[in-house]
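Overview (structure and organization)
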Amino acid sequence: AAVARAAEAGQARVKSAEKKAKKSTQRVMVSQSTHSLDVTLDGGGRLFKVNNEHYEKLRDLWALMHGASKVVVSEVVAARSAARESLRGLSSKERRIHAREFAAANIMPLKESEEEAFNAALFSVLVRYQALQGAGFQSACSEHVQQALASTLGVTHECFASPLNSYFASFCSAFPDTDAAFGSLGSFWAWSPPPCGGSFEVNPPFVSDILLDTAQRIESLLGENEDTSPLSFAIIVPGWPEDSGIKTFEASTFLQTRFVVAIADHGFCDGAQHQRQDRYRASPYDTFVYILQNKKGKAAWPLDESVIVALRDAFAMAKPSAAAVLRRKKAGRGRADGDGGGGVYKGKPKNRRGRKRRPSSSIESESS
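Residues numbered from 1 in each chain as written. Predicted model: local features only at pLDDT ≥ 70, side-chain atom pairs only at ≥ 80, totals over all residues. Heavy atoms only, no water.

So, the overall build of the protein
- Of the regular secondary structure elements, the protein holds 14 helices and 11 strands.
- Looking at the protein as a whole, 47% of its 368 residues qualify as buried.
- Long-range contacts, defined here as pairs at least 24 residues apart, represent 69% of the contacts in the protein between residues at least 6 apart.
- Total accessible area computed for the protein in this model is approximately 17,800 Å², and 55% of it derives from carbon and sulfur atoms. (Helix = DSSP H or I, 4+ residues; strand = E, 2+ residues; numbered from the N terminus. Buried < 20%, exposed > 50% of the residue type's maximum accessible area, 1.4 Å probe, protein only. Contact = heavy atoms within 4.5 Å. Areas by Shrake-Rupley, 256 points an atom, 1.4 Å probe, with all protein chains shown as cover.)

Shown next as structure tokens:
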């Protein structure tokens, strides 16, 4: 319900921006700045920020959906990783000096017509998720957790994600109209596992009604495929023991194991990680992890203590540094005490100090 209200509240902004982009002859312009890329229309207007890593990922996903082979994309990703590794020994100043050169040499090549189409899709997806005005609903498990899920449980698909926060190329998301260009398989509520089965990660928005609907949907999918194909769901949810959805997971006949990750022992990727200097944020709650499998899923992806240990270690790797926590609190971006808001969102520091705001075309896009 909260997510629906946030989406509805931003709908006017979304329609206005998309209408302007479609009806005018303006092109979407992407330019490299010091730490990130600026995305806007060539006639001006709202400017959106996206960091280099997410821009590269979105470009890869778009290319995969528009004819590029997995081999070619894999080669580009491997070359990029090697190049980025070579920069690790440099100072931050030296890395900034080489940023433009690195960005130009390590992106997925596109034809001119493809470049324009990709830029338009990029603009649309940035506008859509900015309009939600709720980055907390877009927080995600870190790449460490996703890698651990892939290596221990064969996970290849995220049931709740977006082009901006997905780890796997296969994912469900809330907005197929903007997200399908980057590989979204549509809404989780309309999605079905492939006939051959599979192993899936489930990290829904932390909203009570959505948690209950998710639990019931997974129960239904496991029951319908009990004797046909192997299914496994790794479910990451807030530690709310009295919640109806959590109780449904606890009572499931398909539950194979569960464990708790203490609030102090882990973190998540920030919902606005594509814009943030600091990628990780502290978890607001303990996290409950459930593994639900049907019989064939249990045989295909057996569980033992090593799986739990690997996942615990992976969750811990996303804990934000003390410096990152301090920067977040000082920025006061959110409403939580840890964000410096004390329960009340105070706006960006430059606004709280009464400074004159810059023109809208130069204001960095930030999710509260």
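Having put the structure on the table, let's press on.
Concerning the sheet that holds strand S7 (residues 231-238)
- Taken in spatial order, the 6 strands line up as S5-S4-S6-S7-S11-S8 in an open sheet, and their pairing is mixed. Because the sheet does not close on itself, it has two edges, and the strands there are strand S5 (170-173) and strand S8 (255-261). Direction aside, neighbouring strands of the sheet carry axes that sit 15° apart on average.
- Of the strand pairs in this sheet, strand S4 (residues 157-161) and strand S6 (residues 198-202) are connected by 2 bridges, and their pairing is parallel. Counterpart to His157 in the pairing with S6 is Phe200.
- Sitting on the sheet, helix H9 (residues 208-224) is in contact with S4, S6, S7 and strand S11 (287-293), with an inclination near 170° to S7.
- The sheet strands contacting helix H12 (residues 305-316) are S7, S8 and S11, and the helix crosses S8 at an angle near 35°. (Pairing = 2+ DSSP bridges. Axes fitted to C-alpha atoms, helices over the stretch in contact; angles between N-to-C directions.)

Describing the nonpolar core
- Membership of the largest hydrophobic core comes to 27 residues, with the highest contact counts inside it found for Val39, Phe118, Leu122, Phe123, Leu126 and Phe182.
- Every element with two or more residues in this core is listed here: strand S2 (36-41), strand S3 (48-51), helix H2 (52-65), helix H3 (70-86) and helix H6 (112-131).
- It is H6 that contributes the most residues to this core, 8 residues altogether.
- In terms of nonpolar packing, the next biggest core, distinct from the first, is built from 22 residues, Phe160, Phe188, Trp191 and Leu231 among them. (Core = buried A, V, L, I, M, F, W, Y, C linked by side-chain atoms within 4.5 Å.)

Brief notes about the confidence of the model for the protein
- Averaged over all residues, the pLDDT of the protein equals 81, while 74% of them reach at least 70.
- Note that pLDDT drops below 50 for residues 340-347; the model gives that stretch 22 contacts with residues more than four away or on any other chain. (pLDDT = per-residue confidence, 0-100.)

Quick word on H6
- With 20 residues, H6 ought to run about 28 Å at 1.5 Å a step, and its terminal C-alpha atoms sit 29 Å apart, in line with that.
- Regarding H6, the residues found buried are Phe118, Asn119, Ala121, Leu122, Phe123, Val125, Leu126, Val127, Arg128, Tyr129, Gln130 and Ala131. (Expected span 1.5 Å × (residues − 1).)

Observations concerning the sheet that holds strand S1 (residues 28-32)
- If you walk across this open sheet you meet the 3 strands as S1-S2-S3, and the pairing is antiparallel. In the strand order of this sheet, the two ends are held by S1 and S3, each with one partner. Averaged over all neighbouring strand pairs, the angle between strand axes comes to 25°, with direction disregarded.
- Pairing analysis gives 4 bridges linking S2 to S3, with the strands arranged antiparallel. Bridged to Leu37 within S3 is Val50.
- Docked against the sheet, H2 engages S1, S2 and S3, running at close to 85° with respect to S3.

Brief notes about the pairing of S2
- Here S2 lies mainly inside the structure; 6 of its 6 residues are buried.
- Of the strand pairs in this sheet, S1 and S2 are connected by 5 bridges, and their pairing is antiparallel. Paired with Gln32 across the two strands is Leu37, which belongs to S2.
- As consecutive antiparallel partners, S1 and S2 are separated by 3 residues.
- Between S2 and S3, which follow one another and run antiparallel, lie 6 residues, and Gly44 among them has a positive phi close to 100°.

Re the side chain of Arg217
- Along the chain, Arg217 falls in helix H9.
- Dropping the residues within four chain positions of it, Arg217 is found in contact with Phe188, Trp189, Ala190, Trp191 and Ser192.

Let's talk about the packing of aromatic side chains
- Applying the stated criterion across every chain yields a total of 19 aromatic pairs.
- On the basis of an interplanar angle of 90° and a centroid distance of 5.0 Å, the ring pair of Tyr167 and Phe168 is categorised as edge-to-face.
- Its relative accessible area of 37% is what places Tyr167 among the partly exposed residues.
- Residues Phe200 and Phe233 carry aromatic rings whose centres are separated by 5.2 Å and whose planes lie at 40° to one another, so their mutual orientation is tilted. One end of the pair, Phe200, is in strand S6; the other, Phe233, is in strand S7, with 33 residues separating them in the sequence.
- On the basis of relative accessibility, which here comes to 0%, the residue Phe233 falls in the buried class. (Phe/Tyr/Trp six-rings, centres within 6.5 Å; stacked < 30°, edge-to-face > 60°.)

A word on the environment of Pro163
- The topology assignment puts Pro163 in the loop between S4 and S5.
- By relative accessible area, Pro163 is classed as buried at 0%.
- The spacing of Pro163 and Asp179 is 16 residues in sequence and 6.3 Å in space, taken between C-alpha atoms.

Examining the packing of H9 against helix H10 (residues 244-251)
- Running from N to C, H9 and H10 point in directions that differ by 25°, and their axes come no closer than 7 Å. In terms of their interaxial angle, H9 and H10 are classed as roughly parallel. Classified by chirality, the crossing of H10 by H9 is left-handed. Of the residues in H10, those in contact with Leu211, Leu212, Thr214, Ala215, Ile218 and Glu219 of H9 are Ser244, Gly245, Ile246, Thr248 and Phe249.
- Its residues assigned to classes, the contact of H9 with H10 comprises 6 nonpolar, 4 polar and 1 charged. (Parallel < 35°, antiparallel > 145°, perpendicular 65-115°, else oblique. Left-handed = near helix turned anticlockwise from the far one by under 90°. Nonpolar A, V, L, I, M, F, W, Y, C, P; charged D, E, K, R; others polar.)

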